[in-house]
Structure formats: structure tokens, C-alpha cells
Amino acid sequence: MGRMHRRGETPCLRAFDLTLSPDQIKELELIQQSFFREAQPIRTELLSKYLELKEFLTNPIIKIESIHAKNAEIILLQSKLEERAIHYLIKVRALLTQDQLRTWCPEQEFPHSRRMMPGSGPMTPMGPPKPYPQEPPRKE
């Protein structure tokens, strides 16, 4: 999905960074406002569920089944949010001309989204910290 910008190639841009007509700008702003209005309650609920999951994971009394159930709630909310993001991208796509579509990078619209970014995989635990590179001994 990702297109790298190399010398001599057309850059890969977000919709707002394209040369848009005044009508396109207005429409894009409306599409974006609608998306944020729809996504905000989901994000708020998602944050709440993450905090609850953290509490569940650190409480030794909570049963494993409850942890799995809370995680399932989070997955459902993430799916809803991603569905809203795809709906947003489809609306933006319909707004752009063929020339604009050539330089538009949908993955740039949501740079922090896990699935919108090329190479992102499932959430995995962090490994041990990597040691800082040591300077080679100086020759005097």
C-alpha cells in the first residue's frame, strides 16, 4: 500500500496536501468533520476499555475469562473504528480527480493506525531493551 518518494518521482501526499479546488477543500473538511464526530465516541470508549483491561491484568482476583471478554470488547471497538476509517477513505477517494488519485496516499491519512500502515503487524510484547551501541576503543 505504501509508496516511497524517490528523487524524480511524484511525491505521495495526504488529501489536504494535494492541489484541491475550493469546492474540494470544503467537501473534504465536511468529510473530515463527519469522521471525527463519528470516531470520537468510539475512541473514548476504546480508551476506557484499555484502562479497564489494564486494571483487569493487574488485579490478581480477576478471572482470565473476564480478561478475554474485555479484550474481545476492545477488538470490536477497534473494528468499528477501522470501518469508519475505510468509509472516510472511500469518501475522500470519490472526491479526488484521477490525477490527484495518482499522488494520494491513503495510508498517510491515518499515520498512527496499525492496519493503515504498511508492515504493521499484530500487537506484540516489547522485547528486552537494546543496549546502546558502544563507541569503538580509541587508538591513541
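Look above for the structure.
Criteria and thresholds
- Residues numbered from 1 in each chain as written.
- Predicted model: local features only at pLDDT ≥ 70, side-chain atom pairs only at ≥ 80, totals over all residues.
- Heavy atoms only, no water.
- Salt bridge = Lys/Arg side-chain N within 4 Å of Asp/Glu carboxyl O.
- Helix = DSSP H or I, 4+ residues; strand = E, 2+ residues; numbered from the N terminus.
- Buried < 20%, exposed > 50% of the residue type's maximum accessible area, 1.4 Å probe, protein only.
- Core = buried A, V, L, I, M, F, W, Y, C linked by side-chain atoms within 4.5 Å.
- Contact = heavy atoms within 4.5 Å.
- Axes fitted to C-alpha atoms, helices over the stretch in contact; angles between N-to-C directions.
- Parallel < 35°, antiparallel > 145°, perpendicular 65-115°, else oblique.
- Nonpolar A, V, L, I, M, F, W, Y, C, P; charged D, E, K, R; others polar.

Q: What should I look at first to understand the pattern of salt bridges in this one?
A: It is possible for side chains of opposite charge to pair when their charged atoms get near one another. Overall, the coordinates contain five salt bridges when judged by the stated rule. With its nearest N and O atoms 3.7 Å apart, the salt bridge here joins E38 to R84. In this pair, E38 is assigned in helix α1 (residues 22-58) and R84 in helix α2 (residues 64-95), connecting sequence segments 46 residues apart. Residue K70 pairs with E52 through a salt bridge whose shortest N-O separation is 2.4 Å. Here E52 lies in helix α1 and K70 lies in helix α2, a separation of 18 residues in the sequence. A relative accessible area of 8% means that K70 is categorised as buried.

Q: Just checking my understanding: could you explain the nonpolar core for this structure?
A: A general tendency of soluble globular proteins is for nonpolar side chains to be buried together. L28, F35, Y88, V92, L96, W104 and F110 are the most contacted members of the largest nonpolar core, which totals 23 residues. Counting only elements with at least two residues in this core, the list comes to α1 and α2. Counting residues per element, this core draws most heavily on α2, at nine residues. With near-sequence residues (within four places) excluded, V92 lies in contact with A15, L28, I31 and W104.

Q: Even after reading the chapter, I still don't get the packing of α1 against α2, so can you show me in this structure?
A: Two quantities define a packed helix pair, namely the angle between the helix axes and the distance between the axes. For the pair α1 and α2, the least separation of the axes is 9 Å and the interaxial angle reads 170 degrees. Looking at the two axes, α1 sits roughly antiparallel to α2. Of the residues belonging to the contact of α1 with α2, the class tally is 18 nonpolar, six polar and 11 charged.

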